[in-house]
Amino acid sequence: MSVLSIDHASRWFGNVVAVNDVSMDIAPGVTGLLGPNGAGKSTLINMMAGFLAPSTGSVTLDGRPIWRNEESYREIGLVPEREGMYDFLTGWDFVLANAQLHRLPDPRAAAREALATVEMEHAQERKISTYSKGMRQRVKMASALVHHPSVLLLDEPFNGMDPRQRMHLMDLLRRMGEQGRTVLFSSHILEEVEQLASHIEVIVAGRHAASGDFRKIRRLMTDRPHRYVVRSSDDRRLASALIADASTAGIQLDWSEQALRIEAIDFTGFTTLLPRVAREHNIRLYTVSPSDESLESVFSYLVAA
């Protein structure tokens, strides 16, 4: 049950500050590292993997510094965004070389298992130069998994994958998280993070902008109304009863959807009010769903903050 800890870590290149005083803990399970392109995600992942030393602060695995610590490297698997591959090798040779570098007792068996895990056995004898972008991503994944790391770091891992490959990798990462491994993947695509990770770490302009379950973060955004779509047995009557309460800022009857669109300015007050009003007026609630409790709404808010 490995835990990655970043403590007031910064990294600069000349006059450019890529990561600025970031602190966070990455616990077992699947964590999404979210941020726009250029936010500092790759630099942060490279520090977690031991490829970059922090300019200030520390990055540790179970309390031990990662930079220049061979024992920590044995516990970490990295799938970088950049290719950095040897195109003249076959997929088999590439994964086998990584198994041998880790001095595994049976490197050939480990390579076979890793390639099977990412469904690349059929192409393992082909040269990497002939691979598509998605195939390259999968063979990088195999090389990162070959030594069964307790920590897996993936930088934009879904780039170039077709929908079937994407779903397979998502299922694989979910299983690893459920097994107690520490999985962190970065993405600038909101849908990927929302489907795979409920816990997120948000990086904006090199700074740590938010941490936690994105739905909980949304509920803390008290300066923005919460929007809901509600369907009931009597929308008009329900609207009349709700609009009088101070927790609601506005109600619109959507004829095309046959639903109410409600803006609530008091999350706790509204979630208490709605079932009480429905019960008092004998109205059945068919659907109550937040229409803006998505990762996109959280991300847009944090970037603009």
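Peer 1: Got a minute to help me understand the environment of I45 in this structure?
Peer 2: Secondary-structure assignment places I45 in helix α1 (residues 41-49). Residue I45 is classed as buried on the basis of its relative accessible area, which comes to 0%. As a C-alpha pair, I45 and L78 span 33 residues in sequence and 8.7 Å in three-dimensional space. In contact with I45, not counting residues within four places along its chain, are L33, L78, L153, L154, D155, L184 and S186.

Peer 1: Is there a simple way to think about the packing of helix α9 (residues 235-243) against helix α10 (residues 267-280) in this case?
Peer 2: Relative placement of two packed helices is described by the angle separating their axes and the distance separating the axes. Running from N to C, α9 and α10 cross one another at 135°; their axes reach a closest spacing of 10 Å. By the criterion of interaxial angle, the relationship of α9 to α10 is oblique. The handedness of the crossing between α9 and α10 is right-handed. When α9 is examined against α10, the residues L238, A241 and L242 are found in contact with a partner set consisting of F270, L273, L274 and V277.

Peer 1: In this structure, what is going on with the sheet that holds strand β7 (residues 151-155)? I would like to understand it.
Peer 2: Sheets are built from strands paired through backbone hydrogen bonds, the pairs being either parallel or antiparallel. Spatial strand order, β6-β7-β8-β3-β9-β10: 6 strands in an open sheet with mixed pairing. Looking along the sheet, the strands with just one partner apiece sit at the ends: β6 (76-79) and β10 (207-213). This sheet shows a mean twist of 15° between the axes of neighbouring strands, independent of strand direction. Its contacts with the sheet place helix α5 (residues 133-145) against β6 and β7, and it is angled at close to 170° to β6. Most of the contacts of helix α6 (residues 163-178) go to strand β3 (residues 29-34), to which it runs at about 125°, and overall it touches β3, β7 and β8 (182-187).

Peer 1: Quick question: what am I supposed to make of the packing of helix α3 (residues 91-101) against α5 here?
Peer 2: As a packed pair, α3 and α5 sit with axes 8 Å apart at the nearest point and diverge in direction by 25°. By the angle class used here, α3 and α5 are roughly parallel. α3 and α5 meet at a crossing whose hand is right-handed. Residues G91, F94, V95 and N98 of α3 form the contact with α5, whose own contacting residues are V139, A142 and S143.

Peer 1: Just checking my understanding: could you explain the packing of aromatic side chains for this structure?
Peer 2: Given two aromatic rings, one states the distance between the centres and the angle between the planes to describe the pair. Under the defined criterion, the tally for this structure stands at 3 aromatic pairs. Consider the rings of F158 and F185, whose centres lie 5.9 Å apart with planes at 85°: the pair is edge-to-face. One end of the pair, F158, is in the loop between β7 and α6; the other, F185, is in strand β8, and 27 residues separate them in sequence. With respect to burial, F158 and F185 carry one shared label: buried.

Peer 1: Please explain the environment of R175 as it appears in this structure.
Peer 2: Within the secondary structure layout, R175 lies in helix α6. Judged by relative accessible area, R175 falls into the partly exposed class, the value being 42%.

Peer 1: For this particular structure, what's the right way to read unusual backbone geometry?
Peer 2: Negative phi characterises most residues that are not glycine, and trans characterises most peptide bonds. Of note, the phi angle at R68 is positive, near 55°, even though the residue is not glycine. Mapping R68 onto the fold places it in the loop between β5 (64-65) and α2 (70-73). Even without a glycine there, the phi angle at A205 is positive, about 55°. Inspection of the secondary structure assignment puts A205 in the loop between β9 (199-204) and β10. With relative accessibility at 63%, the residue A205 sits in the exposed group.

Peer 1: It is not clear to me how the pattern of salt bridges should be interpreted in this structure. Could you clarify?
Peer 2: Tallying each qualifying case throughout the model produces 7 salt bridges. Note that R174 is salt-bridged to D171, the shortest N-O span being 2.9 Å. Separated by 3 residues within a single helix, R174 and D171 lie in helix α6, roughly one turn from each other. Under the relative-accessibility criterion, D171 is labelled partly exposed at 35%. Ionic pairing is found between R261 and D254, a salt bridge with its closest N-O pair at 2.9 Å. According to the relative accessible area criterion, D254 is buried, its value standing at 14%. Among the ionic contacts, a cluster of salt bridges with common partners joins E70, E71 and R74.

Peer 1: I keep staring at the sheet that holds strand β11 (residues 226-232) and nothing clicks. Help me out?
Peer 2: Taken together, 4 strands build an open sheet; the order of strands is β12-β13-β11-β14 and the sheet is antiparallel. Two strands lie at the open edges of the sheet, namely β12 (248-254) and β14 (285-290), each paired on one side alone. On average, each strand axis in the sheet is inclined to that of its neighbour by 20°, with strand direction left out of account. In this structure, β11 lies alongside strand β13 (residues 259-264), joined through 5 bridges in antiparallel fashion. Note on β13: the bridge partner recorded for H226 is A264. Across the face of the sheet, α9 comes into contact with β11, β12, β13 and β14 while running at roughly 165° to β12. Lying on the sheet, α10 is in contact with β11, β12, β13 and β14; it crosses β11 at an angle near 10°.

What counts and how
Residues numbered from 1 in each chain as written. Predicted model: local features only at pLDDT ≥ 70, side-chain atom pairs only at ≥ 80, totals over all residues. Heavy atoms only, no water. Helix = DSSP H or I, 4+ residues; strand = E, 2+ residues; numbered from the N terminus. Buried < 20%, exposed > 50% of the residue type's maximum accessible area, 1.4 Å probe, protein only. Contact = heavy atoms within 4.5 Å. Axes fitted to C-alpha atoms, helices over the stretch in contact; angles between N-to-C directions. Parallel < 35°, antiparallel > 145°, perpendicular 65-115°, else oblique. Left-handed = near helix turned anticlockwise from the far one by under 90°. Pairing = 2+ DSSP bridges. Phe/Tyr/Trp six-rings, centres within 6.5 Å; stacked < 30°, edge-to-face > 60°. Salt bridge = Lys/Arg side-chain N within 4 Å of Asp/Glu carboxyl O.

So yeah, pure geometry; function would need other evidence.
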